[in-house]
Amino acid sequence: MEIIKSEKGSLTILTGKTDMGKSTLTVYDASEYLKIGSNVIFFSYEYCQSIIYNKLISHFDVGWGNLFQLNIVDASGLTLKTLEEIVRSKKGSVDVVYVDYLDLLKNATFGETTSEEENLKQIQIIVESLASLAKELNIAVVLLSQLGSSADFETCIATLNSFAAKAKGNNVIKMFIGKGNIIDARINYDDIVHVILIDGYDLRHFSSVNIREIYKDK
């Protein structure tokens, strides 16, 4: 089941407010790639390896044999340059790369900043660099980003568009994840999240998933 749109040669930015299930869906997405024999690198700035392995095996039915195709990198403090060096060292033996998540990668690379303008410039550098890396190696790169908890939906979309504003070419896929009542206040789904494709301000529904249905407790 394809929940996150990703393509070889492209960078996918998946963003949304906190506690929408981005990391869980990303591990699920990785499990789908592993099951078809793809080689995956997962840069985790938050989850430890044991948590990711537990999700893959216990909840998403990934077989032990498929785990040989997975490289989980404890990315705490890892800079953009080092991340790119690791991916390039796997050239020809990697199909998809996940980075969880943008804000911690930015802080590790540039340090923390209180200037919104400088913060955006730093994010744009990372997005442009990872989009170029995806194209150079002809791999899919999926980058997660937090948008906090207070901004309205329109502001979130404007922010996401600004992230990719400096990226060259057309290989950045922008996606927003949210529950129904974030996208439309008239809807209230407790466990169902929706993933929206963003093209400027043209929004297209891509997928919906019930977190409880895919995240099986065993």
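Residues numbered from 1 in each chain as written. Predicted model: local features only at pLDDT ≥ 70, side-chain atom pairs only at ≥ 80, totals over all residues. Heavy atoms only, no water.

## What about the overall build of the chain?
Consideration 1: Within the chain, the secondary structure is distributed over 8 helices and 8 strands.
Consideration 2: What you see for the chain is a C-alpha radius of gyration of 16 Å, in line with the 17 Å of a compact globule of 218 residues.
Consideration 3: For the chain, the C-alpha atoms occupy an extent of roughly 45 × 40 × 30 Å along the three principal directions.
Consideration 4: Sorting the 218 residues of the chain into buried and exposed places 48% on the buried side.
Consideration 5: Looking at the chain alone, contacts between residues at least 24 apart form 69% of all its contacts between residues at least 6 apart.
Consideration 6: Split by element, the accessible area of the chain, about 10,400 Å² in all, is 46% carbon and sulfur.
Consideration 7: The chain carries 22 positive and 28 negative side-chain charges, and their two centres are separated by 4 Å. (Helix = DSSP H or I, 4+ residues; strand = E, 2+ residues; numbered from the N terminus. Rg over C-alpha atoms; globule rule 2.2 N^0.38 Å. Buried < 20%, exposed > 50% of the residue type's maximum accessible area, 1.4 Å probe, protein only. Contact = heavy atoms within 4.5 Å. Areas by Shrake-Rupley, 256 points an atom, 1.4 Å probe, with all protein chains shown as cover. Lys, Arg positive; Asp, Glu negative; His and termini not counted. Charge placed at Lys NZ, Arg CZ, Asp CG, Glu CD.)

## Section: the pairing of strand β3 (residues 70-74)
Each regular strand carries side chains that alternate between the two faces of the sheet.
Consideration 1: Bridge analysis of strand β2 (residues 40-44) against β3 gives 5 bridges, and the strand direction is parallel. Across the sheet, the residue bridging to Ser44 is Asp74, located in β3. (Pairing = 2+ DSSP bridges.)

## Details of the confidence of the model for the chain
Consideration 1: Of the residues in the chain, 92% reach a pLDDT of 70 or more, and the chain-wide mean stands at 89.
Consideration 2: Mean pLDDT in the chain bottoms out at helix α7 (residues 180-183), which sits at 58, and peaks at helix α3 (residues 80-89), which reaches 98. (pLDDT = per-residue confidence, 0-100.)

## Considering the packing of α3 against helix α5 (residues 116-137)
Consideration 1: At a minimum axis separation of 11 Å, α3 and α5 run at an interaxial angle of 10°. With respect to their mutual orientation, α3 and α5 come out roughly parallel. Residues Leu80, Leu83, Glu84, Val87 and Arg88 of α3 touch α5, and the partners they reach there are Ile126, Ser129, Leu130, Leu133, Glu136 and Leu137.
Consideration 2: Looking at the contact of α3 with α5 residue by residue, the class counts come to 7 nonpolar, 1 polar and 3 charged. (Axes fitted to C-alpha atoms, helices over the stretch in contact; angles between N-to-C directions. Parallel < 35°, antiparallel > 145°, perpendicular 65-115°, else oblique. Nonpolar A, V, L, I, M, F, W, Y, C, P; charged D, E, K, R; others polar.)

## Some words on α5
Consideration 1: The end-to-end C-alpha distance of α5, which contains 22 residues, comes to 32 Å, matching closely the 32 Å that a straight helix rising 1.5 Å per residue would cover.
Consideration 2: All of the buried residues along α5 are Gln122, Ile123, Gln124, Ile126, Val127, Leu130, Ala131, Leu133, Ala134 and Leu137.
Consideration 3: Against β1 (11-16), α3, α4 (102-110), β5 (140-146), α6 (153-163) and β6 (172-179) lie the buried residues of α5.
Consideration 4: Residue Asn138 follows α5 closely and has a positive phi angle near 55°. (Expected span 1.5 Å × (residues − 1).)

## Details of the packing of aromatic side chains
Consideration 1: A complete count under the given rule lists 2 aromatic pairs for this structure.
Consideration 2: Summarising the aromatic geometry, the rings of Tyr28 and Phe60 are spaced 5.2 Å apart at their centres and angled 80° between planes, so their arrangement reads as edge-to-face. Residue Tyr28 is located in helix α1 (residues 22-35), and its partner Phe60 is located in the loop between α2 (49-59) and β3; the two are separated by 32 residues in the primary sequence.
Consideration 3: Note on Tyr28: relative accessible area 9%, which makes it buried.
Consideration 4: We classify Phe60 as buried; its relative accessible area is 2%. (Phe/Tyr/Trp six-rings, centres within 6.5 Å; stacked < 30°, edge-to-face > 60°.)

## Topic: the pattern of salt bridges
Consideration 1: By the definition in use, this model includes 5 salt bridges.
Consideration 2: For the salt bridge of Arg88 with Glu136, the shortest nitrogen-to-oxygen distance reads 2.9 Å. Here Glu136 lies in helix α5 and Arg88 lies in helix α3, a separation of 48 residues in the sequence.
Consideration 3: Overall, the relative accessible area of 37% leaves Arg88 in the partly exposed class. (Salt bridge = Lys/Arg side-chain N within 4 Å of Asp/Glu carboxyl O.)

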